[in-house]
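# Geometric and topological summary
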Amino acid sequence: MVSTVSSWWLSLQHDWCDGFTNSEKVWVSAHHLNSKTCHSFLTSSGPKDDLFTSKLVSEREIEVTHATTNTSTKFTAPVSSHKVTPNHNPVSLDITSTGGLGAVTNGKDVLVFEGSNGNVRRTLSGHVDDVQSVKFFPSNKVLLTGGSDMSVKIWSVEDGSCPVTLTGHKRGITALGMIERGKEVVSSSLDGTIKLWVCGTQQCSTTISPQSGAVNHIEILDQSAVSSSSKLVMSVTETGLLAVHSLQDSKLISQFQHSSELTACTAVSQHLLVTGSASGDIITLDIRDCSKPISVQKRNNFAVTSLSSHEQRVWCGQKDGECYTISTSPDTTSDTTLMCDTTLCGGDCEAIFSVVAKSGIVSTSARDRIIRRYEV
């Protein structure tokens, strides 16, 4: 059994960038799950004491080091912040591969907006209950949505039409995925099933039942080197089960049982998987043997709400509003340790709903209903 590791981590006042501009002092803290928190202040000219050191990397990035533990973190301010959904929580967010467009849930509707300025370009209406998941096709011209109305819809981003509606789940949709360019799509549901849909025929070709309660999230894996089927799906459930199945024949490839609910998951590489729990655990696994975690790390007891990976970095959002990176080496070994190196600032303790990392751009949606965009 791998023991849970808790390390020191730093936090900085959410609007530190504005504070420095106005020549104000901003607070900084060093935290540890099992130790007393250390507090101090920074100004644009430096720290007020020797507890911390700081270095302004750019106008929107500062590196802070806790002197006692030598823990360093870069804090990055957003390049833009827009309240795209004024009346509803943006529970799911996606951006195109170029970052030019975004899509976000807005109650029963989905808003397609311009990534650079947040201007709403189109409203997609058709679900009869709240939309829970949105995902762009690789073409960036088509959008996949799933809602509490138990349906999955495919939309044209260009004209707003909805030519395809997929039905078959018995409870609300929780997450979506797609195979390659989108000839087949995958949905998970509170009904405890995962379905593979053929878009051309609008039929369900495979149903997988992990038999472990509601499926909270899924991630499509390209694992041709591991399995005879290159179509694999990773799922996490409310009872703490992570399972990897073949979408071709529903065969169970690997699984891991955690002690608490698993809420998010992502794939870092062909073999390295990361999942997060409702109790704040961040668990790293090797798909070749998921029964034994590589590591279990924990900042605090707040739920991990979203995970997104890009270029060997995992971006983690939590219910306390913290959003930070976890870096891994490209060549994963059994002693791999996840290290936090960057924290995204902006929200004032507002729960993160979605984190999306693509092509040097990270976008987040939070309980304050603001979409923040970062250049990393």
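Residues numbered from 1 in each chain as written. Predicted model: local features only at pLDDT ≥ 70, side-chain atom pairs only at ≥ 80, totals over all residues. Heavy atoms only, no water.

## Some thoughts on the overall build of the protein
Counting its regular elements, the protein contains one helix and 36 strands. Against the compact-globule benchmark of 21 Å for 376 residues, the protein has a radius of gyration of 21 Å, which places it among compact chains. For the protein, the spread of C-alpha atoms along the principal axes amounts to about 65 × 50 × 30 Å. Residue burial in the protein is summarised as follows: out of 376 residues, 54% are buried. In the protein, once contacts between residues fewer than 6 apart in sequence are set aside, the share between residues at least 24 apart is 43%. (Helix = DSSP H or I, 4+ residues; strand = E, 2+ residues; numbered from the N terminus. Rg over C-alpha atoms; globule rule 2.2 N^0.38 Å. Buried < 20%, exposed > 50% of the residue type's maximum accessible area, 1.4 Å probe, protein only. Contact = heavy atoms within 4.5 Å.)

## Regarding the sheet that holds strand 23 (residues 231–237)
Read from one edge to the other, the open sheet built from four strands follows the order 22-23-24-25, with strand pairing classed as antiparallel. The strands lining the two open edges of the sheet, one partner per strand, are strand 22 (215–222) and strand 25 (252–257). On average, each strand axis in the sheet is inclined to that of its neighbour by 15 degrees, with strand direction left out of account. (Pairing = 2+ DSSP bridges. Axes fitted to C-alpha atoms, helices over the stretch in contact; angles between N-to-C directions.)

## A short note on the sheet that holds strand 2 (residues 9–12)
The strand order across the open sheet formed by four strands is 2-3-4-5, and the pairing between neighbours is antiparallel. The strands lining the two open edges of the sheet, one partner per strand, are strand 2 and strand 5 (46–47). As paired elements, strand 4 (residues 35–43) and strand 5 share two bridges and run antiparallel to each other. In the strand pairing of strand 5, Leu 42 is matched with Pro 47.

## Considerations on the pattern of salt bridges
A full pass over the atoms with the stated rule returns nine salt bridges. The closest approach of N and O atoms between Glu 114 and Arg 121, which form a salt bridge, is 3.8 Å. For Glu 114, a relative accessible area of 24% corresponds to the partly exposed category. Across the pair Glu 322 and Arg 299 runs a salt bridge, and its minimum N-O distance is 3.3 Å. Within this pair, whereas Glu 322 is found in the loop between strand 31 (313–318) and strand 32 (323–327), its partner Arg 299 is found in the loop between strand 29 (295–298) and strand 30 (304–310), the two being separated by 23 residues in sequence. For the residue pair Glu 322 and Arg 299, the accessibility class agrees, reading buried in each case. (Salt bridge = Lys/Arg side-chain N within 4 Å of Asp/Glu carboxyl O.)

## Notes on the environment of Gly 147
Tracing the backbone shows Gly 147 in strand 15 (residues 142–147). The buried category is assigned to Gly 147, whose relative accessible area is 0%. The sequence separation of Gly 147 and Trp 16 amounts to 131 residues, and the corresponding C-alpha distance is 37 Å. Beyond its immediate chain neighbours, meaning those up to four positions away, Gly 147 contacts His 127, Asp 130, Val 131, Gln 132, Gly 172 and Ile 173.

## Thoughts on the pairing of strand 23
Buried residues dominate strand 23, accounting for six of its seven residues. For strand 22 and strand 23, the ladder comprises seven bridges, and the chain directions are antiparallel. Following the sheet pairing, Ile 218 is matched in strand 23 by Ser 235. Hairpin connection from strand 23 to strand 24 (residues 241–246): three residues lie between these consecutive antiparallel strands, with Gly 240 at a positive phi of about 90 degrees.

## Thoughts on the state of the cysteines
Each disulfide consists of a covalent bond between the sulfur atoms of two cysteine residues. Scanning the model with the defined rule gives zero disulfides in all. Summary of cysteine pairing: Cys 204 is not part of a disulfide, and the nearest cysteine sulfur, belonging to Cys 199, is at 12 Å. Residue Cys 316 stays outside any disulfide, its sulfur separated by 7.4 Å from that of Cys 323, the closest cysteine. According to the relative accessible area criterion, Cys 316 is buried, its value standing at 0%. (Disulfide = S-S within 2.5 Å.)

## Examining the confidence of the model for the protein
Regions with low pLDDT should not have their predicted coordinates read in detail. Predicted confidence across the protein gives a mean pLDDT of 91, with 93% of residues reaching 70 or more. Here residues 330–338 scores under 50 on pLDDT; set against residues more than four positions off or in separate chains, the count is 17 contacts. (pLDDT = per-residue confidence, 0-100.)

## Quick notes on unusual backbone geometry
Non-glycine residue Ser 250 carries a positive phi angle of around 70 degrees. By secondary structure assignment, the location of Ser 250 is in the loop between strand 24 and strand 25.

## Concerning the side chain of Arg 372
Position of Arg 372 relative to the elements: it lies in strand 36 (residues 371–375). Only 3.3 Å separates the side chain of Arg 372 from the backbone oxygen of Gly 346, close enough to count as a polar contact. When sequence neighbours within four positions are dropped, the list of residues in contact with Arg 372 reads Pro 78, Ser 80, Ser 81, Cys 345, Gly 346, Gly 347, Val 362, Ser 363, Thr 364 and Ala 366. (Polar contact = N/O pair within 3.5 Å; in protein donor to acceptor, adjacent residues only side chain to side chain.)

## Here's the deal with the environment of Asn 106
Relative to the elements of secondary structure, Asn 106 occurs in strand 11 (residues 101–106). Overall, Asn 106 belongs to the buried group, its relative accessible area being 13%. For the pair Asn 106 and Ser 125, spaced 19 residues apart in sequence, the C-alpha to C-alpha distance is 9.8 Å.

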